Amino acid sequence: MTMNDVPIIAIDGPSASGKGTVAQRVAERLGFHYLDSGALYRLVALTAMRSGVDLTDEATLADIARHLDVVFSGVKIQLKGEDVADAIRAEACSNGASRIAAYPEVRKALLQRQRAFRQLPGLVADGRDMGSVVFPDAILKIFLTASAETRAQRRYKQLMGKGIDANIATLLQDIQERDARDSNRSVAPLQQGADASLLDTTLLNIAQAVDEVLGLYAEICAKGV
Ligand code: DC
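Residues numbered from 1 in each chain as written. Predicted model: local features only at pLDDT ≥ 70, side-chain atom pairs only at ≥ 80, totals over all residues. Heavy atoms only, no water.

### Notes on the pairing of strand β6 (residues 123-127)
Right, on to step 1. Counting buried positions along β6 gives five out of five residues, so the element sits mostly inside the fold.
Right, on to step 2. Across the two faces of β6 the burial is the same, with Leu123, Ala125 and Gly127 and Val124 and Asp126 all buried. (Buried < 20%, exposed > 50% of the residue type's maximum accessible area, 1.4 Å probe, protein only. Helix = DSSP H or I, 4+ residues; strand = E, 2+ residues; numbered from the N terminus.)

In structure tokens:
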């Protein structure tokens, strides 16, 4: 048995599509490991912003990516021992992550770190290039999306639920700008691969989306691929 025999479910899609929650629940249901690859980009952005590194300094950003001292344990994300799970979700960090993710050196520096999550009995990986670059041999590739308006509304409810004031028009604009940046960059752009199944969750709730993914995975397992 080699590493490549460990099954991967790759879930790619745009910001605020709910793919993180769906991926996490699918992983729980299957007893698989979970990789939140976006968190790695966010951690690089957070470290850079905290230490005053210019977000256009590709070489220094790649160096930060290579030396990230991070431990993922459940919902906790510890950066040098500090829990930064909430800090990396701040809007400034989301925008910073989207900007630094356009640099090839940063992406390259994070590649092996992401592949190391491939452990038995399997992995659910969520991001933008899980199926196209990081795990091209994934057994199941999903492109999970929802309309920008629906995603803005979901983010709005999520923020209000946490007592954070938000403006739906600003959120929609941020989402559209981030979509454009993530989709139009030259390296590993966000796009639905020819071998990925489209899962549009505009009219689905989380449980329904999770069931769709599990159904697709069960079909593949039944075929004995
Ligand atoms: O999934 P997320 O919103 O946490 O990702 C944050 C940013 O990181 C997003 O704007 C794009 C980038 N990203 C990426 O380029 N490739 C990935 N595999 C995951 C995230």
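### What about helix α5 (residues 104-115)?
Right, on to step 1. For α5, which comprises twelve residues, the first-to-last C-alpha distance of 17 Å matches the rise-based estimate of 16 Å (1.5 Å per residue) to within 8%.
Right, on to step 2. Buried within α5 are the following residues: Val106, Arg107, Ala109, Leu110 and Gln114. Projected down its long axis, α5 carries its buried residues within an arc of 160°, all on one side. In α5, the exposed positions angled more than 90 degrees off the buried face are occupied by Lys108 and Gln112.
Right, on to step 3. For α5, the secondary structure elements touched by its buried residues are β2 (33-36), α2 (37-50), α3 (58-66), α4 (91-100) and α6 (130-134). (Expected span 1.5 Å × (residues − 1). Arc of directions from axis to C-beta. Contact = heavy atoms within 4.5 Å.)

### A look at the site of the ligand
Right, on to step 1. In the vicinity of the ligand, 17 residues are found, and the nearest of them are Arg42, Arg107, Arg128, Asp129 and Arg185.
Right, on to step 2. In this structure, Arg42 approaches the ligand through a side-chain N or O atom, which is 2.6 Å from an oxygen atom.
Right, on to step 3. Separating an oxygen atom of the ligand from a side-chain N or O atom of Asp182 is a distance of 3.1 Å.
Right, on to step 4. Expressed as a share of its isolated accessible area of 440 Å², the protein-covered part of the ligand is 97%.
Right, on to step 5. Residue assignment for the shell around the ligand shows that the elements contributing at least two residues are α2, α4 and α8 (168-184).
Right, on to step 6. Element by element, the count of residues in the shell around the ligand is highest for α2, at four residues.
Right, on to step 7. Along the lines of polarity and charge, the residues of the shell around the ligand split into four nonpolar, four polar and nine charged. (Near = heavy atom within 4 Å. Polar contact = N/O pair within 3.5 Å; in protein donor to acceptor, adjacent residues only side chain to side chain. Areas by Shrake-Rupley, 256 points an atom, 1.4 Å probe, with all protein chains shown as cover. Nonpolar A, V, L, I, M, F, W, Y, C, P; charged D, E, K, R; others polar.)

### A short note on the packing of α4 against α8
Right, on to step 1. Two elements in contact, α4 and α8, have axes separated by 9 Å at closest approach and are oriented at 20°. In terms of orientation, α4 lies roughly parallel with respect to α8. The element α4 and its partner α8 pack so that their crossing is left-handed. Counting all contacts with α4, which are made through Glu91, Ser94, Asn95, Ser98 and Arg99, the residues of α8 involved are Asp174, Arg178, Arg181 and Asp182.
Right, on to step 2. Split by residue class, the contact of α4 with α8 holds no nonpolar, three polar and six charged. (Axes fitted to C-alpha atoms, helices over the stretch in contact; angles between N-to-C directions. Parallel < 35°, antiparallel > 145°, perpendicular 65-115°, else oblique. Left-handed = near helix turned anticlockwise from the far one by under 90°.)

### Overview of the sheet that holds strand β5 (residues 82-83)
Right, on to step 1. Strand order in this open sheet of three strands is β3-β4-β5, and the pairing throughout is antiparallel. Because the sheet does not close on itself, it has two edges, and the strands there are β3 (70-73) and β5.
Right, on to step 2. Inspection of the sheet shows strand β4 (residues 76-79) paired to β5 by two bridges, in the antiparallel sense. Looking across to β5, one finds that Gln78 is bridged to Asp83. (Pairing = 2+ DSSP bridges.)

### Brief notes about helix α9 (residues 206-223)
Right, on to step 1. When the terminal C-alpha atoms of α9 are compared, their 26 Å separation across 18 residues agrees well with the 26 Å that a helix rising 1.5 Å per residue should span.
Right, on to step 2. Every buried residue of α9 is accounted for by Ala209, Val210, Val213, Leu214, Tyr217 and Ile220. Down the axis of α9, the sector holding all buried residues measures 130°, keeping them to one side. Of the residues in α9, the exposed ones pointing more than 90 degrees away from the buried face are Ala222 and Lys223.
Right, on to step 3. Against β1 (8-12), α1 (19-30), β7 (140-145) and β8 (197-200) lie the buried residues of α9.

### What to know about the packing of aromatic side chains
In this description, an aromatic ring pair is defined by two values, namely the gap between the centres and the angle between the planes.
Right, on to step 1. All told, the structure shown has two aromatic pairs when counted by the stated rule.
Right, on to step 2. Summarising the aromatic geometry, the rings of Phe32 and Tyr217 are spaced 5.9 Å apart at their centres and angled 80° between planes, so their arrangement reads as edge-to-face. Of this pair, Phe32 sits in the loop between α1 and β2 while Tyr217 sits in helix α9; the two residues are 185 residues apart in sequence, bridging distant segments of the chain. (Phe/Tyr/Trp six-rings, centres within 6.5 Å; stacked < 30°, edge-to-face > 60°.)

### So, the sheet that holds β7
Right, on to step 1. With parallel pairing, five strands are arranged side by side in an open sheet as β2-β6-β1-β7-β8. For this open sheet the edge positions go to β2 and β8, each flanked by a neighbour on one side alone. Taken pair by pair, the neighbouring strands of this sheet meet at an average axis angle of 20°, ignoring direction.

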